[in-house]
Amino acid sequence: MEGLKFCCLGLSHKTAPVEIREKYAFKGEETEEKLLKLNSLPSIEECMILSTCNRVEIYFVTRSSSPFKDVVDFLLTEKNGSVEEINSFFYKKEDCEAIRHGFYVAASLDSMVVGEPQIVGQFKDAFQLAKDCGTIGTVMCRFCETALKVSKRVRTETGISKNAVSISFAAVELAKKIFGNLNGKKVAIIGAGEMAELAVKHLVSNGASEVFVVNRTFERAEKLAEEFGGKAFPLDKLQEVLLMADIVISSTGAPGYVLTPENVVPAVERRGGRPMFLIDIAVPRDIDPALNDVDGLYVYDIDDLQQVVEANIKERLREAETAKEIIESYVERFVKWLRELEVAPLIAELKQKAEEIRKEELRKRLPKLKLTPEQEQEIDNITRIIINKLLHQPITNVKRKAVEEEARHNVVQVFREIFGLGKE
């Protein structure tokens, strides 16, 4: 019988374009159906499917000498796949490599944006579905629980997710540096750009109290304002909005500057010294660079924000090195546990066999000795101690050798043969 193998067959944003990821993705109720079908394959003992917009991965436990064959055939049939696509875009990872990869995924070290938090929830959902479907057992359950523990330690002991790595998050980070905190601050959007809208969502979630939307098309302004529980204004009311807003995000498609000294300075002079934070996420720019020279104004364009993002990405990658050290310690422990688990049935069988022999010999011989109950109990104890001491060294050695990659298959086979175990 082949030894236990822990495997991962998958693809991600690193190996496959979006159209291939979409083709092999598992969505909604389909995931449960396909998971059960996958688990019914003769070679699969346990399995879990992790499917997100950036990755599709199948984790499974098998004893097959060709561990990936049935899973590849499953994808060819269920996803109308091709061997060429499997060979070009999928990775095949086994044992230590598969375990390490899974821990990296759960800890967001393999994500498109290192440190992003969504993958943890997606991993938990995949784990829960596999539990609900009954497709995981001792090995996969231990793997998932360890992966989530690893993820938690990485997030709490490193700064991998502390620094903003999107333009919209960077805008919030800069606003916090200027104002200290955003509680009660008023935000204005000029235009209806997607990044500006996202930045406002982050600002509101960080304490901003009111949202004003200014747009050339008033109906669009009303629709967006409703989303944030804010107020809509036509473009000719810009002065009124600038007088109220603490943070202004501009993202229009205008060919020239929308915010200039002519329309901003009068509002600044009437604000009584209150600072205003201007964020320009438009290309071409909406905000006249001349406003940088106006006291009380803090002006940032998309290049400034991009510099913040790049600096934060570098910082996250530095923190990722610390995270890798944490992960390696868990990989080592999990592999050791897995290898010891593999020989556990043989050890249990050996102990049972020794106990049966001991009991049988005592049953046949004790009556002949005509001993008292106390003496019989003492002999029973002595024979138990002898058996335990005799078995201690071979059991310790087989556990130790089972962890060694090169020796484990041979030592398990020799252990079976020496003690006559595991015979089918």
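What counts and how
- Residues numbered from 1 in each chain as written.
- Predicted model: local features only at pLDDT ≥ 70, side-chain atom pairs only at ≥ 80, totals over all residues.
- Heavy atoms only, no water.
- UniProt positions renumbered as here; feature names shortened; annotations may be inferred.
- Pairing = 2+ DSSP bridges.
- Helix = DSSP H or I, 4+ residues; strand = E, 2+ residues; numbered from the N terminus.
- Axes fitted to C-alpha atoms, helices over the stretch in contact; angles between N-to-C directions.
- Contact = heavy atoms within 4.5 Å.
- Buried < 20%, exposed > 50% of the residue type's maximum accessible area, 1.4 Å probe, protein only.
- Expected span 1.5 Å × (residues − 1).
- Arc of directions from axis to C-beta.
- Core = buried A, V, L, I, M, F, W, Y, C linked by side-chain atoms within 4.5 Å.
- Polar contact = N/O pair within 3.5 Å; in protein donor to acceptor, adjacent residues only side chain to side chain.

Under an unreviewed UniProt entry, the protein has the name Glutamyl-tRNA reductase and belongs to Desulfurobacterium pacificum. Regarding the protein, the relevant UniProt record gives this comment under Pathway (unreviewed entry): "Porphyrin-containing compound metabolism; protoporphyrin-IX biosynthesis; 5-aminolevulinate from L-glutamyl-tRNA(Glu): step 1/2." The UniProt entry for the protein carries the following comment under Sequence similarities (unreviewed entry): "Belongs to the glutamyl-tRNA reductase family."

Caption draft 1: Representation of the sheet that holds strand S10 (residues 297-301) in the model. Taken in spatial order, the six strands make up an open sheet running S7-S6-S5-S8-S9-S10, and their pairing is parallel. For this open sheet the edge positions go to strand S7 (231-234) and S10, each flanked by a neighbour on one side alone. Ignoring strand direction, the axes of neighbouring strands in this sheet form an average angle of 20°. Here four bridges tie strand S8 (residues 247-251) to strand S9 (residues 276-280), and the two strands are oriented parallel to one another. Its bridge partner lying in S9, Ser-250 is registered against Asp-280. Strands S8, S9 and S10 of the sheet are contacted by helix H8 (residues 167-179), whose axis makes an angle of about 165° with S9.

Caption draft 2: Focus on the UniProt feature "binding site: NADP(+)" (unreviewed entry) in the protein. Mapped onto the present numbering, the UniProt feature "binding site: NADP(+)" (unreviewed entry) falls on Gly-191, Ala-192, Gly-193, Glu-194, Met-195 and Ala-196. Note on placement: Glu-194 falls in helix H9 (residues 194-205). Of the residues examined, Glu-194 reaches a relative accessible area of 71% and is grouped as exposed.

Caption draft 3: Spotlight on the sheet that holds strand S3 (residues 55-62). In space, the four strands of this open sheet follow the order S2-S3-S1-S4, with antiparallel pairing throughout. Both outer strands of the open sheet, strand S2 (44-51) and strand S4 (91-94), are each paired with one neighbouring strand and no more. Strand-to-strand twist in this sheet, taken as the mean axis angle between neighbours without regard to direction, amounts to 15°. Where strand S1 (residues 5-12) lies against S3, eight bridges are found, and the strand directions are antiparallel. Residue Leu-9 lies in a different strand from S3, and its bridge partner there is Ile-58.

Caption draft 4: Highlighting helix H7 (residues 138-157). Here H7 contains 20 residues, and its C-alpha end-to-end distance of 28 Å stays within 8% of the 28 Å for a straight helix at 1.5 Å per residue. Within the span of H7, buried status applies to Val-139, Met-140, Phe-143, Cys-144, Thr-146, Ala-147, Leu-148, Val-150, Ser-151, Val-154 and Arg-155.

Caption draft 5: A look at helix H3 (residues 69-78). Inspection of H3 places Val-71, Val-72, Phe-74, Leu-75 and Glu-78 among the buried residues, and these make up the whole buried set. Axial view of H3: buried residues confined to an arc of 155°, hence all on one face. Of the exposed residues in H3, those oriented more than 90 degrees away from the buried face are Lys-69 and Thr-77. Asn-80 lies just past H3 and shows a positive phi near 50°.

Caption draft 6: A look at the nonpolar core. Residues Phe-6 and Phe-103 are the most contacted members of the largest nonpolar core, which totals 67 residues. Ranked by residue count, the leading element in this core is helix H13 (residues 302-369), at 10 residues. In this structure, Phe-179, Val-187, Ala-225 and Ile-249 belong to the second largest nonpolar core, which totals 28 residues.

Caption draft 7: Looking closely at the side chain of Arg-55. Within the fold, Arg-55 resides in strand S3. Given a relative accessible area of 3%, Arg-55 falls into the buried group. Of the polar contacts made by the side chain of Arg-55, one reaches the side chain of Glu-57; its length is 3.0 Å. With sequence-adjacent residues up to four places away left out, Arg-55 is seen in contact with Leu-11, Ser-12, His-13, Arg-21, Leu-50, Tyr-91, His-101, Val-105, Asp-110, Ser-111 and Ile-119.

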